[in-house]
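Structural features, examined
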Amino acid sequence: MWLATPNGVLRFDGVRSVPWRAPAGASLPDTNARALLGTRDGALWIGTLRGLARLKNGALTVFPALAGKAVNAIVEASDGTIWVAGAVLGGDKGVLCAVREGASECHGDDGSLGRSVLGLYQDTSNALWVAGTDRIWKWGGQPEVSYALPVPLYTLESMTGTPDGALVVGTRGGLLRLANGMVETLPLPEWGKDLSVNRVRLDRDGALWLGAADHGLLRLYKGRVDTYTPAQGLSGEQVLATFEDREGSLWVSTSKGLDQFRPMAAAAQTRAQGLKGRARSILAARDGSLWATTTGGVYQMTRPQYWEARHSAPASLLEDRRGAIWMASNAGLGHFEGGRYVAAAGIPAGPVDAMAEDAKGNLWVAHQTAGLFRLSPGREPEPTPWTSIGVSARVSTMAVDSADDSLWLGLWSGDMVNLREGRVRNLAPLQNATQWTRINQLRPEPDGSLWVTNMTGLTRIKNGRAARLDEAGGLPCDRVFWTLVDPHGLWLSAPCGLMRIRREELDAWSAAADRGAQAKVKVQLLDQWDGVRQAVSLSTLSQFLINYNFTPKLARSSDGLVWAVTGDDIVRIDPARLPLNDVPPPVRVEQLVSDDKVYEPRAGLQLPALQHNLAIDYTALSFAVPEKVRFRYKLEGRDTDWHDPGQRRQAFYTDLPPGHYRFRVMAANESGLWNQKGDTLDFSIAPAWWQTNVFRATFVLAVLMILYGLHRLRLAQLSRRFSMSLEARVNERLRIARELHDTLLQTFQGLVLRLQTAHQLMPESEGRRILEEGIDQAADAITEGRDAVQGLRATATETSDLADAVRALGQVLAADPATPSARLGVEVHGRARSLHPIVRDDAFRIVGEALRNAFRHAAPTRVEVEIRYDDRQLSVRVRDDGKGMDPRVVRRGREGHFGLHGMRERAKLIGGALTFWSRLDAGTAVELTVPAARAYATESGGARSEQGGTANDHPADTTSHS
């Protein structure tokens, strides 16, 4: 909403007004803005004291044809033409200009429009009415139609049209009606005949609003005249302008402020209607009459909108089945009979806290000190002391259960007591008893359920199960005072206002409660913005006790209206006419503030790097009840879910990283209608130099290079350690060979020579034969020892090629007559590489053991050996299709045999991994893998060096699979 003021133009969103600033390099013809128009193309036309300007898409255009002219009114025709009315500043000629696509055509230079054109109005037939100071023209018609005015006009916005095509004009002497070539005077109340009407507007409901000089605002509707002056809350007596927005609110500017008139859900009963004092209870009788209790006494509405006093003391009210109105007060109990108050016989004086009537016509009365009384027609009251019932707390409410005619008592302690056929049944409190858990109302239902209100919510008890409806279930507040059932749902009186739950919502909640599940209800809340005042503060204990000691708090009259005690007022609500705003509020992102710098929303908005504090201002253009507009927003790129800030119109973020973001915001009006599209703002935050992708890539590359260097260094260290280990093993073997040759073999050789000498000296005998055999065995031992020494000094294979050595060994085993006939296959994959001698030797021994086991124990038909050289590792696999091995043998080895253990130990010593696969009757596979760095030998400087590490650094994986 735009507001024209003598000091410029304001932009108003219903909550705050912001001065509008012209774009850089542009300005209005004058700061005194007099007329505004928003057109269908989204432009804003601004009429000033010295010319006309248009604001569209952020650009301001000034029209030279209107320069130096005071603009009084602007309207848009159905064909898009903009009509501008005014006068030459300092002159005596009225001006009427038509602006079409930037071109202007003006009339009145000849003085034909009088001294000034004060107003324009386009009626429902698209006819343009032009108001001069003493004449009104129907512009553009043939022939021309004009009306001479008996009283000169002197203000702007002083005419409006009526549904029948007539024109109503306000003048110094009242109202004029122009139609069919005639000028008639419209009647006003006697007290308004001398009013000077300077503003006239007909709203969408057909009500006529009149601004009267120094007399405020008048509303004429269906023969009734309502007057609004500062005494009724109007900001000032002088009305300057009126405006009806698209939601149906009427805005009135006065000399002292801006006022809003809108439909209200509740109408309060005032002293002008005869009701005095602060409201305490309300009762709708079956005969259509209304009874109310205030601190001033008991009142009855005797004629429409007027109350008459009936009793001097405030009281709780009840209508019995005979139509008598009973009153329970702090002074006692009585009823009205023949238009006068009659005290109840047999009931002692003193406070009566509650009363209820059962199906037999008995009236039950809870006297604060004397006990529980039963008043039966034609009989004396029957008292029952509280001590015999077992009630020690004060009674706050009573109700009769129609299902079994039992009596329910609600206590200030939070307990409930049920009396049935003289028997008392105590029920546990709804929660831990405190001073605020008093039972406010008990309402039994025909289906056997009991509805209970207290300071923790609304509780339904059915079939022994209690289900509570409170804030967690959708109520705006937990405390509930009273409930009322009508054909469409449930009304609840509460400190936060008056709540309405539709029947289908309540039924769904009850069905979920029957299943033991939880559900939420949608609640329509009528609060202070709807004319329903909040209840008194609970901080004032004495006031609270007085305010809610009298009942009932809600009533429904025979005409369907709902009456409620809210705070100190009694209000009237028509459920069929509750205001419903079906206009979704437009949403707008206004600005972005980052580190105290303001950025206007625009495409491609980019913020500097290192933004710490960011705030986004947004608003929703709902003017009916802007205080109840709700928002939700989400920053895509940061938020994973929507935020619910309530009515707050700012979003805050801190330390956003660089990147692209989209801010989305939606809003709902006071009726809960959401604008799902909302508004968006795309922006990005530039990265600092260390946050760029180039820097990150460089940093990652540097880290990877460092890690690679460390990896290579570690490999070199492991290679040196492994080479040292292998060299130590070679040296140890050479040492053992020398020791065997220099000690044990030499000793055996000497011993053999001595035995041969003894053999030659010994005569022929049995002992000579035995000695000869011993000499032969010793010679064999010497031969085996020399072979062992040779094996220690040289490789175990007779060739440096592992495949050739394996193939030779396999052929020997296959030719052994002691082994079953089996075919042997040896395959080599990849380019053959030189192996470290120790690795080659141990690999050959492992493969040899696997081949021996296959030929001697597996009874295969085929044995295959696969040797694979690749850049990562050396792999040797031995497979057979024999009878396989038991899984336990694979894991633990055969008792008393060490072949498998030896294979695993050799694999571990050379830093390799040995893996077994075997299954009974499905063959066996053994695979040895050795990392390339440890298996392959390299030549450096003419000396052989081996790459690898010690076997203890990385234990071999000897996991077996079967």
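Calculation criteria
Residues numbered from 1 in each chain as written. Predicted model: local features only at pLDDT ≥ 70, side-chain atom pairs only at ≥ 80, totals over all residues. Heavy atoms only, no water. Pairing = 2+ DSSP bridges. Helix = DSSP H or I, 4+ residues; strand = E, 2+ residues; numbered from the N terminus. Axes fitted to C-alpha atoms, helices over the stretch in contact; angles between N-to-C directions. Buried < 20%, exposed > 50% of the residue type's maximum accessible area, 1.4 Å probe, protein only. Parallel < 35°, antiparallel > 145°, perpendicular 65-115°, else oblique. Left-handed = near helix turned anticlockwise from the far one by under 90°. Contact = heavy atoms within 4.5 Å. Disulfide = S-S within 2.5 Å. Salt bridge = Lys/Arg side-chain N within 4 Å of Asp/Glu carboxyl O. pLDDT = per-residue confidence, 0-100. Phe/Tyr/Trp six-rings, centres within 6.5 Å; stacked < 30°, edge-to-face > 60°. Core = buried A, V, L, I, M, F, W, Y, C linked by side-chain atoms within 4.5 Å. Expected span 1.5 Å × (residues − 1). Arc of directions from axis to C-beta. Nonpolar A, V, L, I, M, F, W, Y, C, P; charged D, E, K, R; others polar. Patch = residues over 30% accessible without salt bridge, like charges linked within 9 Å, V, L, I, M, F, W, Y side chains within 5 Å. Areas by Shrake-Rupley, 256 points an atom, 1.4 Å probe, with all protein chains shown as cover. Polar contact = N/O pair within 3.5 Å; in protein donor to acceptor, adjacent residues only side chain to side chain.

With respect to topology, 4 strands assemble into an open sheet ordered S56-S55-S58-S61, the strand pairing being antiparallel. In this open sheet, the two edge strands, each paired with only one partner strand, are strand S56 (597–599) and strand S61 (650–654). Averaged over all neighbouring strand pairs, the angle between strand axes comes to 20 degrees, with direction disregarded. Here strand S58 (residues 613–620) runs beside S61; their pairing, made up of 5 bridges, is antiparallel. Pairing of Asn613 across the sheet is with Thr654, part of S61.

In this section: the pairing of strand S32 (residues 315–319). Taking burial as the measure, the 5 residues of S32 include 5 buried ones, the bulk of the element. Pairing of S32 with strand S33 (residues 325–329), which is carried by 5 bridges, proceeds in the antiparallel orientation. Directly across from Leu318, in S33, lies its bridge partner Trp326. Counting the residues between successive antiparallel strands, the hairpin from S32 to S33 contains 5 residues, one of them, Gly323, with a positive phi of roughly 95 degrees.

The next thing to look at is the packing of helix H7 (residues 837–858) against helix H9 (residues 899–909). Between H7 and H9, whose axes approach to 9 Å, the crossing angle comes to 155 degrees. Our classification of the angle between H7 and H9 gives roughly antiparallel. As H7 packs across H9, the resulting crossing turns out to be left-handed. When H7 is examined against H9, the residues Asp842, Arg845, Ile846, Glu849, Ala850 and Asn853 are found in contact with a partner set consisting of Gly899, Leu900, Met903, Arg906 and Ala907.

This paragraph deals with the state of the cysteines. A covalent bond between the sulfur atoms of two cysteines is referred to as a disulfide. If you walk through the whole model with that rule in mind, you get 2 disulfides. Cys477 shares a disulfide with Cys496; S-S distance 2.1 Å. With the S-S bond torsion at -65 degrees, the cross-link from Cys477 to Cys496 turns out left-handed. Of this pair, Cys477 sits in the loop between strand S47 (465–469) and strand S48 (482–486) while Cys496 is found in the loop between strand S49 (489–494) and strand S50 (497–502), placing the two residues 19 residues apart along the sequence.

This paragraph deals with the pairing of strand S42 (residues 416–420). The element S42 is largely enclosed, with a buried count of 4 among its 5 residues. Judged from the 4 bridges that link them, strand S41 (residues 406–411) and S42 form a sheet pairing that is antiparallel. In the strand pairing of S42, Trp408 is matched with Asn418. The turn linking S41 back onto S42 is made up of 4 residues, and Gly414 within it adopts a positive phi angle of 100 degrees.

The subject of this paragraph is the pattern of salt bridges. One pass over the full model with this rule turns up 41 salt bridges. Of the charged contacts, one joins Glu866 and Arg879 as a salt bridge, the two residues approaching to 3.6 Å between their closest N and O atoms. Residue Glu866 is located in strand S65 (residues 862–869), and its partner Arg879 is located in strand S66 (residues 873–880); the two are separated by 13 residues in the primary sequence. One network of salt bridges, with partners in common, ties together Arg11, Asp13, Arg16, Glu590 and Arg649.

Okay, the confidence of the model for the protein next. Confidence in the prediction of the protein, expressed as mean pLDDT, is 86, and 90% of residues score 70 or more. This model gives residues 537–547 a pLDDT under 50, and the stretch forms 19 contacts once residues within four places in sequence are excluded.

Inspection of the entire model under this criterion finds 22 aromatic pairs. Ring plane angle 50 degrees and centroid distance 6.0 Å describe the contact between Tyr618 and Tyr633, whose orientation is recorded as tilted. You can see Tyr618 sitting in strand S58 and its partner Tyr633 sitting in strand S59 (residues 630–636), a full 15 residues away along the chain. Using a relative accessible area of 0% as the deciding quantity, one classes Tyr618 as buried.

This part takes up the sheet that holds strand S4 (residues 33–38). Taken in spatial order, the 4 strands of this open sheet run S4-S5-S6-S7, and their pairing is antiparallel. Of all strands in the sheet, those bounded by a partner on one side alone are S4 and strand S7 (59–63). In this sheet, neighbouring strand axes are inclined to one another by 20 degrees on average, regardless of whether the strands run parallel or antiparallel. Relative to S7, strand S6 (residues 51–56) runs antiparallel, the two sharing 5 bridges. Paired with Leu55 across the bridge in S7 is Leu60.

To continue, consider the nonpolar core. Grouped together as the largest cluster of nonpolar side chains are 40 residues, with contacts concentrated most on Leu802, Leu851, Val865, Ile867, Leu874, Met903 and Leu914. For this core, the element with the highest residue contribution is H7, accounting for 9 residues. Discounting residues that sit within four places of it in the chain, Leu802 has contacts with Leu835, Arg840, Ala843, Phe844, Ile867, Tyr869 and Val876. Among the nonpolar cores identified, the runner-up in size contains 24 residues, and Val587, Leu614, Ala651 and Tyr661 belong to it.

Thr551 connects to Pro552 through a cis peptide bond whose omega is 0 degrees. With respect to the helices and strands, the residue Pro552 is situated in the loop between helix H3 (541–547) and strand S52 (554–556). Although it is not a glycine, Asp405 sits at a positive phi angle of roughly 60 degrees. Positionally, Asp405 belongs in the loop between strand S40 (395–401) and S41.

Under the 1.5 Å per step criterion, the end-to-end length of helix H6 (residues 802–815) is 20 Å for 14 residues, consistent within 8% with the ideal 20 Å. Those residues of H6 that sit buried are Leu802, Ala803, Ala805, Val806, Leu809, Gly810 and Leu813. Buried residues of H6, viewed axially, fall in a sector of 160 degrees; they line one side. Exposed side of H6, more than 90 degrees from the buried face: Val812 and Ala815 are the residues found there. Where H6 is buried, its residues meet strand S64 (823–829), H7, S65 and S66.

It is worth spelling out the environment of Asp871 at this point. By the secondary structure assignment, Asp871 is in the loop between S65 and S66. Looking at Asp871, the relative accessible area reads 71%, which means it is exposed. Linking Asp871 and Pro931, residues 60 residues apart in sequence, is a C-alpha distance of 8.9 Å. The residues contacting Asp871, other than those within four sequence positions of it, are Arg833 and Ala932.

So, on to H7. Between its terminal C-alpha atoms H7 stretches 30 Å, which fits the 32 Å expected from 22 residues at 1.5 Å a residue. Ala859 lies just past H7 and shows a positive phi near 50 degrees.

Where H6 contacts H7, the two axes come as close as 10 Å, and the packing angle between them is 25 degrees. On the basis of the axis angle, H6 is roughly parallel to H7. As H6 packs across H7, the resulting crossing turns out to be right-handed. Residue-level inspection shows Leu802, Ala805, Val806, Leu809, Gly810, Leu813 and Ala814 of H6 in contact with H7, the latter providing Arg840, Ala843, Phe844, Val847, Gly848, Leu851, Arg852, Phe855 and Arg856. Split into classes, the residues belonging to the contact of H6 with H7 amount to 11 nonpolar, 2 polar and 3 charged.

Time to look at a nonpolar patch on the surface. A cluster of nonpolar side chains, Leu610, Trp689, Trp690, Phe695, Phe699, Val700, Val703, Leu704, Ile706, Leu707, Leu710 and Leu713, forms an exposed patch at the surface whose accessible area comes to about 1,200 Å². Checked against the element boundaries, Leu707 lands in helix H4 (residues 693–761).

Next up on the list: the environment of Arg877. Along the chain, the position of Arg877 falls in strand S66. In sequence terms Arg877 and Val926 are 49 residues apart; their C-alpha atoms lie 5.6 Å from each other. Leaving out residues up to four positions away in the same chain, Arg877 has contacts with Glu864, Val865, Glu866, Val926 and Glu927. Within polar-contact distance, the side chain of Arg877 engages the side chain of Glu927 at 3.3 Å.

Take the side chain of Gln300 next. Relative to the assigned elements, Gln300 resides in strand S30 (residues 297–303). Engagement of the side chain of Gln300 in a polar contact is seen with the side chain of Arg310, the distance being 2.9 Å. With residues near it in sequence (within four places) discarded, Gln300 still touches Ser289, Leu290, Trp291, Tyr306, Trp307, Glu308 and Arg310.

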